[in-house]
Amino acid sequence: ETSDSENALAVRINIAAQKPNTSPVLNPYSSGSSEWFIPFLKDCGDDDICTSDLLLQVEQKPKDVKLPYVVSDKNRRLLFQVTLTNKINQENAYNTKLKALFSENLFFASSTTPSDGTEVLCQVGNTQGSVTCLVDFPLLKAGQMVTFDIGFDFNLKHLQDKAYIFFQATSESKEVYEGDNSVNRTIPVQYDAGIHLTR
């Protein structure tokens with residue numbers, strides 16, 4: 001298995017006698033293994049350089065949400081609709097990823113599968129406060145648009161008056177314009193205090 005479409009697949013065959021010291025035998029001067037590298041064929045034009053132009057759009061759901069955002073037992077999730085487009089006048093974007101870095105008062109909660117059959121796979125990063133989503137791996141075709149939802153829950157162990165999320169789209173293709181590849185969201189937050197009376 002390979003984790004990307006940039007590096008070639010490596011195939012190795014090892015040859016050994018099943019019953020040593022019996023006939024027939026391997027030529028003692030021949031190699032006991034052979035290795036080949038199988039590259040991926042990419043549709044990148046005559047120059048073999050993939051050039052893409054990603055456009056990232058992020059909208060909070062619902063669009064008419066009131067700010068400051070009031071966190072309560074029944075309202076603990078921030079939901080965003082992410083739309084990632086590879087503009088039509090460019091080439092395929094290989095190994096397209098969406099990375100989200102977020103403040104410590106949030107944690108990654110969920111992501112949805114797009115309804116058009118494309119695949120989005122999100123995994124929490126090794127560092128705290130990050131999640132990375134593979135978007136229609138291994139390539140986002142020229143002119144293709146993928147829309148999905150991503151959700152974050154509030155971590156009530158860290159009460160802060162703002163929540164920060166930085167979204168960034170990347171690929172292993174050469175990007176024409178990086179100015180529209182990232183979106184920064186800052187959301188003012190208040191916390192609903194619950195009072196329980198017992199006797």
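See the structure printed just above.
Keep in mind it's a predicted model, so treat the numbers as computed, not measured.

1. Focus on the sheet that holds strand β9 (residues 106–111)
Stage number 1. If you walk across this open sheet you meet the four strands as β4-β6-β13-β9, and the pairing is antiparallel. Only two strands of the sheet have a single neighbouring strand rather than two, namely β4 (54–61) and β9. Neighbour to neighbour, the strand axes of the sheet diverge by 30° on average, direction disregarded.

2. Comments concerning the sheet that holds strand β5 (residues 69–71)
Stage number 1. Sheet architecture is open: six strands sit in the order β5-β16-β14-β8-β11-β10, paired in mixed fashion. Here the strands that pair on one side only, and so sit at the sheet edges, are β5 and β10 (120–124). The mean angle between the axes of side-by-side strands here comes to 25°, regardless of whether they run parallel or antiparallel.
Stage number 2. With five bridges connecting them, strand β8 (residues 97–102) and strand β11 (residues 130–135) associate as antiparallel partners.

3. Some remarks on the side chain of Gln60
Stage number 1. Along the chain, the position of Gln60 falls in strand β4.
Stage number 2. Exposure remark for Gln60: the relative accessible area of 13% places this residue in the buried category.
Stage number 3. With residues up to four places along the chain from it excluded, the contact list for Gln60 reads Val65, Tyr69, Leu78, Leu79, Phe80 and Ile187.

4. Focus on the state of the cysteines
Stage number 1. Taken as a whole and assessed by the stated rule, the structure comprises one disulfide.
Stage number 2. Note on cysteine connectivity: Cys122 is disulfide-linked to Cys133, with sulfurs 2.0 Å apart. In this structure, the disulfide formed by Cys122 and Cys133 twists by about 105° around the S-S bond and is classed as right-handed. Here Cys122 is found in strand β10, whereas its partner Cys133 is found in strand β11, with eleven residues between them in sequence. The two residues Cys122 and Cys133 agree in class, both being buried.

5. Things to note about the nonpolar core
Stage number 1. Residues Leu56, Phe80, Ile150, Phe152 and Phe167 are the most contacted members of the largest nonpolar core, which totals 33 residues.
Stage number 2. Sorting elements by how many residues they give to this core places strand β13 (residues 145–154) first, with five residues.
Stage number 3. Apart from the residues lying within four places of it in its own chain, the contact partners of Phe167 are Leu56, Val58, Phe80, Leu98, Lys99, Ala100, Ile150, Phe152, Asn181, Ser182, Val183 and Arg185.

6. Digging into the pattern of salt bridges
Two side chains that carry opposite charge are able to pair once their charged atoms sit near each other.
Stage number 1. Applying the stated criterion across every chain yields a total of five salt bridges.
Stage number 2. Among the ionic pairs, Asp53 bridges to Lys87, the shortest N-O distance being 3.6 Å. Of the two residues, Asp53 sits in the loop between β3 (51–52) and β4 while Lys87 sits in the loop between β6 (77–86) and β7 (93–94), which places them 34 residues apart along the sequence.
Stage number 3. The class of Lys87 is partly exposed, set by a relative accessible area of 27%.
Stage number 4. Linking Asp180 and Lys87 is a salt bridge whose minimum nitrogen-to-oxygen distance equals 3.2 Å. Placement of Asp180 in the loop between β15 (174–175) and β16 (182–191) and of Lys87 in the loop between β6 and β7 is noted, with a sequence separation of 93 residues between them.
Stage number 5. Among the residues examined, Asp180 registers a relative accessible area of 14% and is labelled buried.
Stage number 6. Members of the salt-bridge network, linked through shared partners, are Asp53, Lys87 and Asp180.

Cut-offs used in this document
- Residues numbered from 1 in each chain as written.
- Predicted model: local features only at pLDDT ≥ 70, side-chain atom pairs only at ≥ 80, totals over all residues.
- Heavy atoms only, no water.
- Pairing = 2+ DSSP bridges.
- Helix = DSSP H or I, 4+ residues; strand = E, 2+ residues; numbered from the N terminus.
- Axes fitted to C-alpha atoms, helices over the stretch in contact; angles between N-to-C directions.
- Buried < 20%, exposed > 50% of the residue type's maximum accessible area, 1.4 Å probe, protein only.
- Contact = heavy atoms within 4.5 Å.
- Disulfide = S-S within 2.5 Å.
- Core = buried A, V, L, I, M, F, W, Y, C linked by side-chain atoms within 4.5 Å.
- Salt bridge = Lys/Arg side-chain N within 4 Å of Asp/Glu carboxyl O.

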